Amino acid sequence: MTVQPFPVSQLVASQRPHRKDAARNYDALIAAAREIFAESGADASLEDIARRAGVGIGTLYRNFPTRRHLFESVYADEVNDLCRVARDVAELDPWEALTSWLRRFVDYTVTKRAIRQAMDDESEIFLACRESMYQAGGPLFERAQKAGRARTDINLDDLLRMVAGITATNFLDDAQRDRVLNVALDGVRADG
């Protein structure tokens, strides 16, 4: 699998400050926002995010002038991580590579659900993220299909919608979610 720049990678790199201390604060804010949005949803307190990141609210607003900027940046960072995982697992067995990537996709859907309602489907960031996600996962899925490990009567969009639908359900715990996901993925396997 060839390494390619994803549109979202360029967006994330352009938004991240270059000074080390500013980059540290930016990264801390993204990590804190990701956690708090996953815990509390899109209406989470920006003050709580700044506090968890260990910075003042002024630092948050310097990096993210509006709540929307923060949503978009967290979303882009999540998709960027998803693309990085696709590169990291590309040399694994085709089925293992695909399912490893899909398990990271499950984590991404938690954050996506929390902030998705606040984003515009036609925004530059949303479109770059979608394109990047499909560019990252597409080759993994096609490789698994060509190896006879994944069904050929579905496409990547079908697969991602299935996984996203499953993870949108409330589970007792992560173990139950993983069991249900495994059952669904067994239905995607072509080699039984």
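Residues numbered from 1 in each chain as written. Predicted model: local features only at pLDDT ≥ 70, side-chain atom pairs only at ≥ 80, totals over all residues. Heavy atoms only, no water.

In the nomenclature of an unreviewed UniProt entry, the chain is known as TetR/AcrR family transcriptional regulator of Streptomyces lannensis.

Peer 1: Please clarify how the overall build of the chain should be interpreted in this entry.
Peer 2: On a plain count of helices and strands, the chain comes out with nine helices and zero strands. Secondary structure of the chain in N-to-C order comes out as α-α-α-α-α-α-α-α-α. Each of the 192 residues in the chain was classed as buried or not, and the buried ones make up 44%. Nonlocal contacts in the chain, meaning residues at least 24 apart in sequence, comprise 71% of its contacts between residues at least 6 apart. (Helix = DSSP H or I, 4+ residues; strand = E, 2+ residues; numbered from the N terminus. Buried < 20%, exposed > 50% of the residue type's maximum accessible area, 1.4 Å probe, protein only. Contact = heavy atoms within 4.5 Å.)

Peer 1: I would appreciate a short explanation of the environment of Val163 in the present structure.
Peer 2: Here Val163 shows up in helix α8 (residues 156-167). With a relative accessible area of 0%, Val163 lands in the buried category. For Val163 and Arg103, which are 60 residues apart along the polypeptide, the C-alpha to C-alpha distance reads 9.2 Å. When sequence neighbours within four positions are dropped, the list of residues in contact with Val163 reads Leu102, Phe105, Val106 and Leu181.

Peer 1: What's the story with the packing of aromatic side chains in this structure? I'm lost.
Peer 2: Each aromatic ring pair is summarised here by two numbers: the centre-to-centre distance and the angle between the ring planes. Using the criterion set out here, one finds three aromatic pairs in the structure. Arranged with centres 5.0 Å apart and planes meeting at 55°, the rings of Phe37 and Phe71 form a pair that is tilted. Pair noted here: Phe37 is in helix α2 (residues 20-40) and Phe71 is in helix α5 (residues 67-89), with a separation of 34 residues, a long-range link. The burial state of Phe37 is the same as that of Phe71; both residues are buried. (Phe/Tyr/Trp six-rings, centres within 6.5 Å; stacked < 30°, edge-to-face > 60°.)

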